[in-house]
There are 2 protein chains.
Amino acid sequence: MSQPQQYDPRGIEYYTIPTFTFTSGTTLHDVKVAYRRFNAESPAGTILIPTCYGGFINTTLTLTGPAPNDALAKYHVVVVAMLGNGESSSHSNKAFFPEPGELRYQDVVRAQYQLLTEHLKISSLVAVMGFSMGGQQAYHWAVMYPDFVSHVIAICSSARTSAHNYAFLEGPIAALTNSIDYIAWRAMKAKLARGEEVGQNMKDVVPKNGIRAFARTYAAWLTSAAWFRDREWSKGPFSGFGSLNDWMTAREDGYMIWDAQDLLVLARMWQLGDIGDAIPGEEVKGMKDLGYKVPEDERYEKALRSIKAKVLLMPCRTDQYFPPEDSEIEAEYLQNTRVEVIESTWGHVAGGGLNPPDTAFLNERIGRFLSEE
Amino acid sequence: MSQPQQYDPRGIEYYTIPTFTFTSGTTLHDVKVAYRRFNAESPAGTILIPTCYGGFINTTLTLTGPAPNDALAKYHVVVVAMLGNGESSSHSNKAFFPEPGELRYQDVVRAQYQLLTEHLKISSLVAVMGFSMGGQQAYHWAVMYPDFVSHVIAICSSARTSAHNYAFLEGPIAALTNSIDYIAWRAMKAKLARGEEVGQNMKDVVPKNGIRAFARTYAAWLTSAAWFRDREWSKGPFSGFGSLNDWMTAREDGYMIWDAQDLLVLARMWQLGDIGDAIPGEEVKGMKDLGYKVPEDERYEKALRSIKAKVLLMPCRTDQYFPPEDSEIEAEYLQNTRVEVIESTWGHVAGGGLNPPDTAFLNERIGRFLSEE
């Protein structure tokens, strides 16, 4: 169970955008968007599911299974890899890709829009559904393309990254960027970029200890105090470990497949998440201050009020960094919304498909939400 | 406000224990216990206040002020630095001091007992009161010396470190121990210990980046989601910063006075905290597995039941790592206890004296608890 995660490429296709200009001002050619389609011939309409942090296309909860109660079984479902995750164009596979702090949700969602409209010839979406950073992308969709999306389903997510969430992410980022092998790895990359000689020993450096420190720093946030009190780490499919340390090591193993700089680019994008920056005609371009000044509520509230889609918010009661209180606040500004709290001790990952009862609840409530008029 | 913390030596005295054997088996000579006395001539009896993690004698909340409602004003109060904190004997000031994972609460409390009985000639305590790790020491006092202590006051604390708390602490520890300058610093120290030559450049290494990463990883845990939502970091005395990053940098600055290895020794002791290991005649000696296996509930429950002191537990409603639920569980096994929850958004630090309304509540309830028959 503590084997490093293997990459699963099943069913993945790529759309190449010939020229793409990021909000940072950088223009790149041949920007790829990775995606996978399910039930492509369905006449019931299309649902888009963007990936979450640490997620790949084939680790994303789709709710498209064969059981009659599977919420999305009848739809054409497109799972899309957000830019930066290593499947779509990313720092790890594309020269001059935006650095940490430069990539924004607006870029990610605009690339997905180009995939759908220019390549897949789709002119509207039944829904955008996502977990965590996937939900933040769904929110951005509804603000950036208000007439394109009928429903937004944001699971354990938010329209703006809270200060607490921002502060939590500073931990894993600090652990990685101060680690001895991340610093050596970056120095090696910088030499290569300058065309300098680099020995084979150096070329083989992978910031394993840095990524392990990153994952260990992250681990206590994933679930909840109650989950640990119930010793869930010693039970069940996600866990079943003889010691807490073994469970934490398995969390580390799960990140060993990742490029360290991709992890940082996405973590910074998450920290900067704010739909107030994505209002059409009023976009915030270029770098945003990474210090988290007291945020501008007016733009955020205006963006929430601008959403035409019906919105289903599904926070988990015990989520330590996307707490239900934030969803309730957002709901006050939305025109047409419902908050359905996942009553679970699984915290944030309750929304990620790891605990079958929570997934069944998601499935049922999402199915009901989509079938209502 | 982001100046590094200055050390305050006011009023500190030292007692030297001629020979002290740690539970790890190590015997050292001249082990020092640092302390400060307030109102030493009081006939009302003695209250002992051990330091918390990151705490020094003169940063410890004493509730001994001159106002008539100050809970401890009439008592003889002894604030004692736990072994390992840099004031008492510690890794930073004493050769062959126990390594991280070796120092246990039993050692710390036994040294305090020797200070009180052998040096200060005290034969009983009205109370042991402590915040966080200080509360864990108070709990150990009641188990190790059940006839010596009349009252235990444990603020934002627990009798056994929870798995969640253990997992959270793995983050700062990983951030520090994988950092480039901590590793260089340890290598330099090892060379010196072997009597090898070390250049002045190396001798001057201080693991600043590692300690900063440690503190940054810690910061989001200190208060609560609500505290961040209310933007308390931009207000008030603890905070009042223009950006969240400035507040986090100030948290880092606060740790720059610390020796990195002392931080680790105390963090490991905290992780291993369990009064079940301290039952007289059944002490768990030597190293304990650091992987946090599923803990033995029987010993823990027996230790709780063995406590003769009246116990006041004061968790904070929003404490992220010593939640009130754990105090309620402990209360089920205690003979004579009361749980008074601090209703505050200040999370863990509500118990540390940072927010005046919370401190006033502590003061009032502690005064009431001590005056009752």
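Residues numbered from 1 in each chain as written. Chains lettered and ligands numbered in written order. Predicted model: local features only at pLDDT ≥ 70, side-chain atom pairs only at ≥ 80, totals over all residues. Heavy atoms only, no water.

Participant: Hey, could you run me through the overall build of chain A in this one?
Facilitator: Across its full length, chain A holds 12 helices and 8 strands. Scaling as 2.2 N^0.38, a compact globule of 373 residues should have a C-alpha radius of gyration of about 21 Å, and chain A matches this with 20 Å. On the principal axes, the C-alpha backbone points of chain A span a range of 65 × 50 × 45 Å. Counting the 373 residues in chain A, one finds 60% classified as buried. Long-range contacts, defined here as pairs at least 24 residues apart, represent 75% of the contacts in chain A between residues at least 6 apart. About 13,800 Å² of surface is accessible on chain A, with carbon and sulfur atoms providing 50% of the total. Of the charged side chains in chain A, 35 are positive and 44 negative, and the gap between their average positions amounts to 2 Å. (Helix = DSSP H or I, 4+ residues; strand = E, 2+ residues; numbered from the N terminus. Rg over C-alpha atoms; globule rule 2.2 N^0.38 Å. Buried < 20%, exposed > 50% of the residue type's maximum accessible area, 1.4 Å probe, protein only. Contact = heavy atoms within 4.5 Å. Areas by Shrake-Rupley, 256 points an atom, 1.4 Å probe, with all protein chains shown as cover. Lys, Arg positive; Asp, Glu negative; His and termini not counted. Charge placed at Lys NZ, Arg CZ, Asp CG, Glu CD.)

Participant: Looking at this model, I keep getting lost on the environment of Thr117(B). Mind explaining?
Facilitator: Residues and elements named next belong to chain B. With respect to the element layout, Thr117 can be found in helix α1 (residues 105-119). The residues touching Thr117, leaving out its near neighbours within four places in the chain, are Ile122 and Phe148. A distance of 2.7 Å separates a polar side-chain atom of Thr117 from the backbone oxygen of Tyr113. (Polar contact = N/O pair within 3.5 Å; in protein donor to acceptor, adjacent residues only side chain to side chain.)

Participant: Would you mind showing me how to read the relation of the copies chain A and chain B here?
Facilitator: The two chain copies are connected by a rotation around an axis plus a translation along it. Of the transformation placing chain A onto chain B, the axial shift is 0.0 Å and the rotation is 180 degrees, giving an RMSD of 0.0 Å. The relationship between the two copies is best expressed as a two-fold rotation axis. (Least-squares fit on C-alpha atoms with pLDDT ≥ 70 in both.)

Participant: Quick question: what am I supposed to make of the sheet that holds strand β4 (residues 76-80) of chain B here?
Facilitator: Two pairing modes exist for strands in a sheet, parallel and antiparallel, and in both the strands are linked by backbone hydrogen bonds. Residues and elements named next belong to chain B. As summarised here, the arrangement of the 8 strands in space is β1-β2-β4-β3-β5-β6-β7-β8, forming an open sheet in which the pairing is mixed. Looking at which strands have only one partner, the edges of the open sheet turn out to be β1 (13-21) and β8 (337-339). Along the sheet, successive strands turn relative to each other by an average axial angle of 20 degrees, direction set aside. Two strands pair when backbone bridges link them, and strand β6 (residues 149-155) and strand β7 (residues 310-314) are joined in this way by 5 bridges, in the parallel orientation. In the sheet register, Ile153 faces β7, and the bridge partner there is Leu312. Lying over the sheet, α1 contacts β1, β2 (27-38), β3 (46-50), β4 and β5 (125-131), oriented at roughly 115 degrees with respect to β1. (Pairing = 2+ DSSP bridges. Axes fitted to C-alpha atoms, helices over the stretch in contact; angles between N-to-C directions.)

Participant: Would you explain helix α8 (residues 244-255) of chain A in this entry?
Facilitator: Working note: α-helix, 3.6 residues per turn, so residues spaced by three or four point in the same direction. For α8(A), spanning 12 residues, the distance from its first C-alpha to its last is 18 Å, which sits close to the expected 16 Å at 1.5 Å a residue. Buried residues of α8(A): Leu244(A), Trp247(A), Met248(A), Ala250(A), Arg251(A), Glu252(A), Asp253(A) and Tyr255(A), and no others. The inward-facing, buried residues of α8(A) contact α6 (208-222), α7 (225-229) and α9 (260-271) of chain A together with α3 (163-177) of chain B. (Expected span 1.5 Å × (residues − 1).)

Participant: So what exactly am I meant to see when it comes to the packing of aromatic side chains here?
Facilitator: How two aromatic rings sit relative to each other is given by the distance of their centres and the angle of their planes. According to the stated counting rule, one finds 57 aromatic pairs over all chains in the structure shown. A centroid spacing of 5.2 Å and a plane angle of 90 degrees characterise the contact between Phe168(A) and Tyr218(A), whose relative ring orientation is edge-to-face. With Phe168(A) in helix α3 (residues 163-177) and Tyr218(A) in helix α6, this pair connects stretches of sequence that are 50 residues apart. As far as the burial class goes, Phe168(A) and Tyr218(A) line up, both buried. With centroids separated by 5.4 Å and ring planes inclined at 85 degrees, the aromatic side chains of Tyr7(B) and Phe56(B) adopt a geometry described as edge-to-face. Within this pair, whereas Tyr7(B) is found in the segment before β1, its partner Phe56(B) is found in the loop between β3 and β4, the two being separated by 49 residues in sequence. (Phe/Tyr/Trp six-rings, centres within 6.5 Å; stacked < 30°, edge-to-face > 60°.)

Participant: Looking at this structure, how should I read the confidence of the model for chain A?
Facilitator: In low-pLDDT regions, the fine details of the predicted coordinates are not to be read closely. For chain A, the mean per-residue pLDDT works out to 94, and 97% of the residues sit at or above 70. Interface scoring of the predicted complex returns ipTM 0.95; its pTM is 0.96. (pLDDT = per-residue confidence, 0-100.)

Participant: Just to check I follow, could you spell out α1(B) for this structure?
Facilitator: Residue and element names in this part refer to chain B. The end-to-end C-alpha separation of α1 is 21 Å, in line with the 21 Å expected for 15 residues at 1.5 Å each. Residues Tyr105, Gln106, Asp107, Val108, Val109, Ala111, Gln112, Gln114, Leu115 and Leu116 constitute the buried set of α1. Phi turns positive one or two residues past the end of α1, at Lys121, with a value near 55 degrees.

Participant: Would you mind going over the interface of chain A and chain B with me for this structure?
Facilitator: Accessible area lost when the parts come together is the quantity often used to give the size of an interface. The interface is formed by 43 residues belonging to chain A together with 43 residues belonging to chain B. Across the chain A/chain B interface, buried area totals approximately 3,500 Å², and carbon plus sulfur atoms make up 67% of it. If you sort the residues of chain A by the area they bury against chain B, His164(A), Arg229(A) and Arg231(A) come out on top, with a joint share of 17%. A salt bridge links Arg229(A) to Asp326(B); its shortest N-O distance comes to 2.6 Å. Viewed at the interface, chain B and chain A are joined by 12 residue pairs in polar contact (both at pLDDT 80 or more). Counting residues per element, the side of chain A that touches chain B draws most heavily on α3(A), at 9 residues. (Buried area = accessible area lost by both parts, 1.4 Å probe. Salt bridge = Lys/Arg side-chain N within 4 Å of Asp/Glu carboxyl O.)

Participant: Explain the sheet that holds strand β1 (residues 13-21) of chain A here, please?
Facilitator: Residue and element names in this part refer to chain A. Across the sheet, which stays open at both edges, the 8 strands sit in the order β1-β2-β4-β3-β5-β6-β7-β8 with mixed pairing between neighbours. If you trace the sheet from one side to the other, it starts and ends with β1 and β8 (337-339), each paired once. Across the sheet, the mean angle from the axis of one strand to that of its neighbour is 20 degrees, orientation sign disregarded. The pairing of β1 with strand β2 (residues 27-38) spans 8 bridges and is antiparallel. Within β2, the residue paired with Glu13 across the bridge is Tyr35.

Participant: Sorry if this is basic, but what is going on with the side chain of Asp262(A) here?
Facilitator: All names here are of chain A. Summarising the element assignment, Asp262 is placed in helix α9. Despite its burial, Asp262 remains without a salt bridge, the nearest opposite charge being carried by Arg186 at 9.0 Å. Not counting residues within four places of it along the chain, the set of residues in contact with Asp262 comprises Gly84, Asn85, Gly86, Ser90, His91 and Ser92.

Participant: Whenever I open this one, the side chain of His151(A) confuses me. Can you help?
Facilitator: Residue and element names in this part refer to chain A. Relative to the assigned elements, His151 resides in strand β6 (residues 149-155). One polar contact links the side chain of His151 to the main-chain carbonyl oxygen of Val126, over a distance of 2.9 Å. Aside from chain neighbours lying at most four places away, what touches His151 is Val126, Ala127, Val128, Ala309, Lys310, Phe369 and Leu370.

Participant: Help me out: how do you make sense of the environment of Glu196(B) in this one?
Facilitator: Residue and element names in this part refer to chain B. Within the element layout of this structure, Glu196 appears in the loop between α4 (180-193) and α5 (200-203). Separated by 32 residues in sequence, Glu196 and His164 have C-alpha atoms that sit 42 Å apart. At 2.6 Å, the side chain of Glu196 forms a polar contact with the side chain of Arg194.

Participant: Quick question: what am I supposed to make of the pairing of strand β7 (residues 310-314) of chain A here?
Facilitator: The two faces of a sheet get side chains in turn, since along a regular strand they alternate between them. Residue and element names in this part refer to chain A. For β7, a buried count of 5 out of 5 residues is recorded, marking the element as mostly surrounded by other parts of the structure. Judged from the 3 bridges that link them, β7 and β8 form a sheet pairing that is parallel. Residue pairing in the sheet places Val311 in a bridge with Thr337 of β8. Taken together, β7, helix α11 (residues 324-331) and β8 constitute a β-α-β crossover, and its handedness is right-handed. (Right-handed = clockwise from strand over helix to strand, strands pointing away.)

Participant: Got a minute to help me understand the environment of Cys52(A) in this structure?
Facilitator: Turning to its location among the elements, Cys52(A) is positioned in the loop between β3 (46-50) and β4 (76-80). Here the alpha-carbon distance between Cys52(A) and Met82(A), two residues 30 residues apart in the chain, equals 8.0 Å.

Participant: For this particular structure, what's the right way to read the packing of α3(B) against helix α6 (residues 208-222) of chain B?
Facilitator: Any two packed helices are characterised by the angle at which their axes cross and by the distance between the axes. Residue and element names in this part refer to chain B. Put simply, α3 and α6 touch, their axes get as near as 6 Å, and they point 155 degrees apart. In terms of orientation, α3 and α6 fall into the roughly antiparallel class. Crossing angle aside, the handedness with which α3 passes α6 is right-handed. Residue-level contacts link His164, Phe168, Gly171, Pro172, Ile173, Ala175 and Leu176 of α3 to Gly210, Ile211, Ala213, Phe214, Thr217, Tyr218 and Trp221 of α6. Looking at the contact of α3 with α6, its residues break down into 10 nonpolar, 4 polar and no charged. (Parallel < 35°, antiparallel > 145°, perpendicular 65-115°, else oblique. Left-handed = near helix turned anticlockwise from the far one by under 90°. Nonpolar A, V, L, I, M, F, W, Y, C, P; charged D, E, K, R; others polar.)

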